[in-house]
Amino acid sequence: MRLVKNLGYALGLPVLLILLWWGYTLVSSNFYVPEPGEFVTTFADVWFGERFFDDVLPSIGRLLAGLVLSILLGVVAGLVIGSVRWLRSLLEPVLEFFRAIPPPVLVPVLMLLIGVNDQMKVVVIVLGSVWPVLLNTIEGVRSVDPVMTETARSYGIDGWSRFVHLVIPAAGPQMMAGIRQALSIGLILMVISEMFASSSGLGFTIVQFQRSFAIPEMWSGIAVLGLIGVVLSFVFQRVERKVLAWYRGLKEVENAG
Amino acid sequence: MQAETGSSAVGGHGGADRPATDRPATDRSAAGAEGAAKDRDKDRDKDVLLSVRGLQKIYSSEHGDVEAVRNLTFDLRRGELACLVGPSGSGKTTLLKCISGLMAPTSGEVLLGGRRVTGPPKDMAVVFQEYGRSLFPWMTVRENVELPLKNAKLPRNERKRLADEALAAVDLPHADKKYPWQLSGGMQQRVAIARAVAYQPKILLMDEPFAAVDAQTRADLEDLIRDVWHRMGVTVLFVTHDIDESVYLGERVIILSSSPTVVQEDLRIDLPDERDQLTTRGLPRFTELRGHVYEEIQRAKREAGTRV
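What counts, and at which threshold
- Residues numbered from 1 in each chain as written.
- Chains lettered and ligands numbered in written order.
- Predicted model: local features only at pLDDT ≥ 70, side-chain atom pairs only at ≥ 80, totals over all residues.
- UniProt positions renumbered as here; feature names shortened; annotations may be inferred.
- Helix = DSSP H or I, 4+ residues; strand = E, 2+ residues; numbered from the N terminus.
- Buried ≥ 20, exposed ≤ 12 C-beta atoms within 10 Å, placed from the backbone.
- Pairing = 2+ DSSP bridges.
- pLDDT = per-residue confidence, 0-100.
- Contact = placed C-beta atoms within 7 Å.
- Domains from an automatic or database assignment.
- Core = buried A, V, L, I, M, F, W, Y, C linked by C-beta atoms within 7 Å.
- Expected span 1.5 Å × (residues − 1).
- Bend = angle between axes of the 7 residues up to and from the residue.
- Axes fitted to C-alpha atoms, helices over the stretch in contact; angles between N-to-C directions.
- Parallel < 35°, antiparallel > 145°, perpendicular 65-115°, else oblique.
- Left-handed = near helix turned anticlockwise from the far one by under 90°.
- Nonpolar A, V, L, I, M, F, W, Y, C, P; charged D, E, K, R; others polar.

The name an unreviewed UniProt entry assigns to chain B is ABC transporter, from the organism Kocuria dechangensis.

Naming follows an unreviewed UniProt entry, where chain A appears as Nitrate ABC transporter permease of Kocuria dechangensis. Per UniProt, the comment on chain A under Subcellular location (unreviewed entry) is "Cell membrane". Regarding chain A, the UniProt comment filed under Sequence similarities (unreviewed entry) reads as follows: "Belongs to the binding-protein-dependent transport system permease family."

Caption draft 1: Up close: the overall build of chain A. For chain A, the helix and strand inventory stands at eleven helices and zero strands. Across chain A, helices and strands are ordered from the amino to the carboxyl terminus as α-α-α-α-α-α-α-α-α-α-α. When its C-alpha atoms are laid out on the principal axes, chain A stretches across 70 × 60 × 30 Å. Buried residues in chain A amount to 31% of all 257 residues.

Caption draft 2: Region of the structure containing the sheet that holds strand β5 (residues 115-116) of chain B. Residues and elements named next belong to chain B. On the basis of which strands lie adjacent, the open sheet formed by ten strands has the order β5-β4-β1-β2-β10-β9-β3-β8-β7-β6 and mixed pairing. Both edges of this open sheet fall to β5 and β6 (124-127), since each of them pairs with a single strand only. Pairing between strand β3 (residues 81-85) and strand β9 (residues 252-256): four bridges, direction parallel. Its bridge partner lying in β9, L84 is registered against I254.

Caption draft 3: Spatial organisation of the confidence of the model for chain B. Residue and element names in this part refer to chain B. Counting all residues, the mean pLDDT for chain B is 83, and 84% of those residues have values of 70 or more. Confidence, expressed as mean pLDDT per element, reaches its minimum in chain B at helix α1 (residues 10-16) with 39 and its maximum at helix α5 (residues 141-151) with 95. This prediction of the complex comes with two scores: 0.82 for pTM and 0.84 for ipTM.

Caption draft 4: Spatial organisation of the interface of chain A and chain B. On the side of chain B, 18 residues touch chain A, which itself brings 18 residues to the contact. Broken down by secondary-structure element, the contributors of at least two residues to the side of chain A that touches chain B are α7 (146-154), α8 (159-193) and α11 (245-256) of chain A.

Caption draft 5: Molecular detail of the domain arrangement of chain A. Each assigned domain of chain A is listed with its residue range as follows: domain 1 (1-30) and domain 2 (35-256). Inter-centroid distance (C-alpha atoms) of domain 1 of chain A to domain 2 of chain A is 30 Å.

Caption draft 6: Spatial organisation of the nonpolar core. Among the nonpolar cores identified, the biggest contains 111 residues, and A194(B) and L237(B) are the most heavily contacted of them. Counting residues in each nonpolar core, the second largest holds seven residues, with V46(A), L202(A), I206(A) and M218(A) among its members.

Caption draft 7: Structural context of the pairing of strand β2 (residues 64-77) of chain B. Residues and elements named next belong to chain B. Across ten bridges, strand β1 (residues 48-61) lies against β2 in antiparallel orientation. Counted as the bridge partner of V48 is R77 from β2. Here β1 hands over to β2 after two residues, the two strands then running antiparallel side by side. In the sheet, β2 pairs with strand β10 (residues 261-268) via two bridges, with the strands oriented parallel. Bridging across to β10, N71 finds its partner in V262.

Caption draft 8: Just the UniProt feature "domain: ABC transmembrane type-1" (unreviewed entry) in chain A, in detail. Feature annotation in UniProt places "domain: ABC transmembrane type-1" (unreviewed entry) on residues 56-240 of chain A, given in this structure's numbering. Helix makes up 84% of residues 56-240 of chain A and strand 0%. Its end C-alpha atoms lie 26 Å apart.

Caption draft 9: Just the UniProt feature "domain: ABC transporter" (unreviewed entry) in chain B, in detail. In this structure's numbering, the residues bearing the UniProt feature "domain: ABC transporter" (unreviewed entry) are residues 50-283 of chain B. Helix makes up 35% of residues 50-283 of chain B and strand 29%, whereas the separation of the span's terminal C-alpha atoms amounts to 31 Å.

Caption draft 10: Layout of helix α6 (residues 118-142) of chain A. All names here are of chain A. In this model, α6 (25 residues) spans 35 Å end to end at C-alpha, consistent with the 36 Å of a helix rising 1.5 Å per residue. The largest bend in α6 is about 35 degrees, located at V130, with the proline P132 one to four residues further on. Within α6, 21 of the 25 residues are buried, which leaves the element mostly enclosed by the surrounding structure.

Caption draft 11: Broad picture of the environment of W219(A). Residue and element names in this part refer to chain A. For W219, the position within the fold is in helix α10 (residues 215-243). In this structure, the C-alpha to C-alpha distance between W219 and F39, residues 180 residues apart in sequence, is 7.8 Å. If near-sequence neighbours (up to four positions away) are discounted, W219 is found in contact with P34 and F39.

Caption draft 12: Representation of the UniProt feature "transmembrane region" (unreviewed entry) in chain A. Residues and elements named next belong to chain A. The UniProt entry lists residues 7-24, 63-84, 96-116, 122-138, 182-206 and 218-236 under the feature "transmembrane region" (unreviewed entry), expressed in the numbering used here. Between the end C-alpha atoms of residues 7-24 the distance is 26 Å, and the span holds 100% helix and 0% strand. Taken as a whole, residues 122-138 contains 100% helix and 0% strand, while its terminal C-alpha atoms sit 23 Å from one another.

Caption draft 13: Just the packing of helix α7 (residues 185-198) of chain B against helix α8 (residues 215-232) of chain B, in detail. Residue and element names in this part refer to chain B. Close contact between α7 and α8 brings their axes to 11 Å; oriented N to C, the two are set at 15 degrees. Viewed along their axes, α7 and α8 adopt a mutual orientation that is roughly parallel. The hand of the α7/α8 crossing is right-handed. Across the interface between the two elements, G186, Q189 and V197 of α7 pack against T217, L221, V228 and M232 of α8. Among the residues making up the contact of α7 with α8, the classes are represented as four nonpolar, three polar and no charged.

Caption draft 14: View of unusual backbone geometry. If you check the backbone angles, F213(A) has positive phi at about 55 degrees while not being a glycine. Tracing the backbone shows F213(A) in the loop between α9 (202-211) and α10. Judged by local crowding, F213(A) falls into the exposed class, with 10 C-beta atoms found within 10 Å. If you check the backbone angles, E208(B) has positive phi at about 40 degrees while not being a glycine. With respect to the secondary-structure elements, E208(B) resides in the loop between β7 (203-207) and α8. By C-beta crowding, E208(B) is classed as buried, having 20 other C-beta atoms within 10 Å.

Shown next as structure tokens:
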């Protein structure tokens with residue numbers, strides 16, 4: 001019974017939107033808005049075949065590589081920078097500067113420096129996604145409760161042990177918030193990295209369809225992007241629920257009290 | 001404001017009630033202090049576990065220096081339960097941080113078992129007032145209690161035994177799989193006490209541990225501390241602002257003056273060792289001692305008023 005209710009909430013609005021869309025195509029015909037039926041057949045034709053292996057999987061692969069690198073880099077550097085006060089003061093202005101640069105403008109430069117290949121595309125994704133992870137981790141490390149820090153010190157918990165048992169878990173909620181932002185930035189940059197001088201990938205394919213006025217095909221590509229985003233966020237939520245179970249519990253208690 | 005406190009007679013008051021031998025040698029030069037202290041250590045009473053000598057702490061800030069603790073000297077014998085009581089803002093927490101090695105004093109020294117404290121010592125445990133922020137919320141009660149033991153590389157079964165014993169001692173044997181935030185405030189502070197007890201320290205420092213729990217829980221926790229102290233034979237230094245609590249708990253009450261702090265009086269509590277919330281607090285001697293401590297605190301506050 002509860003499953004049905006939850007499913008109703010999850011699917012209710014999408015179904016309604018599709019119905020509205022269908023109704024719209026009944027009363028008026030617009031070249032740029034395909035009918036739902038046509039859209040579904042196009043979707044299947046375009047993506048359930050070679051394109052899935054030639055364009056979709058490589059794009060997802062680069063996206064995941066970029067995200068994993070961003071998370072590793074952001075968390076490790078964030079832990080170090082957050083823990084060393086002078087390093088933080090030294091680096092923070094510089095980090096803010098680099099973070100402010102929109103990665104798309106770097107694509108031509110990177111093409112010259114690295115070449116037109118997978119590495120370049122992964123670097124573009126990392127250059128955008130690493131910042132929220134890095135800056136949030138720094139902030140999380142910095143805001144570890146002083147009483148907890150003193151408790152750890154008084155019991156001689158220092159060095160590696162301090163990181164594992166105190167700093168990383170305490171900064172966990174902030175880190176996860178950063179990673180959540182990194183996911184959506186990564187998806188955007190995955191598309192952008194494939195728009196210049198590329199010959200395959202989701203972004204490239206969608207642009208191709210646009211230029212050749214293959215409108216239903218173009219929409220189906222956009223839908224694939226949306227679906228990737230949904231799956232990413234679903235997986236993320238699952239992980240977060242597991243890793244930060246204590247945090248949710250703590251917040252619930254605090255809000256109730 | 002307080003930084004301007006002049007050279008009034010506070011120090012003199014502090015010395016009035018104390019035996020002369022316990023006073024620090026105020027005339028010794030800073031250079032000779034180290035050597036003199038070492039010589040003294042050798043022939044000092046073996047019974048003394050904690051020794052605070054001429055402790056001073058000055059906080060430097062943009063708005064000038066603030067002298068939180070001026071000159072504190074006292075000894076704690078092995079197995080003693082002493083309460084430190086003083087008016088609010090008398091630098092009790094500062095003192096405790098210096099003793100626990102979390103903060104370096106501006107001058108003077110703290111000796112634990114004859115050795116100078118420069119960082120958190122191994123055989124000391126601290127229980128903080130903010131239990132909710134002292135326990136790690138991502139760990140279960142058992143994990144919290146076992147963490148210092150794990151860090152000290154104790155084998156698994158030894159950790160488990162010590163944690164079980166400690167949790168039983170604080171009357172929480174069945175809460176080990178819960179998270180701290182699932183427990184009431186009083187229970188959380190019990191967990192923090194269990195963590196300290198399981199660590200098997202020689203000395204237990206407590207910084208107003210019951211200030212944030214309700215009155216009934218507080219009475220239970222006071223008896224718990226007496227009980228743990230009896231059973232473990234640990235030395236306890238209990239900081240509080242509550243006069244009743246200090247008299248009820250301690251064998252001895254050290255009364256601090258207002259900031260900049262000195263020891264105003266060192267009072268022996270000659271109540272029977274077996275204490276009970278109802279009968280002990282009903283004793284005429286209890287009322288007398290409480291009245292005395294109260295007057296001393298009032299005096300400390302008045303003197304603070306004249307000094308500022």
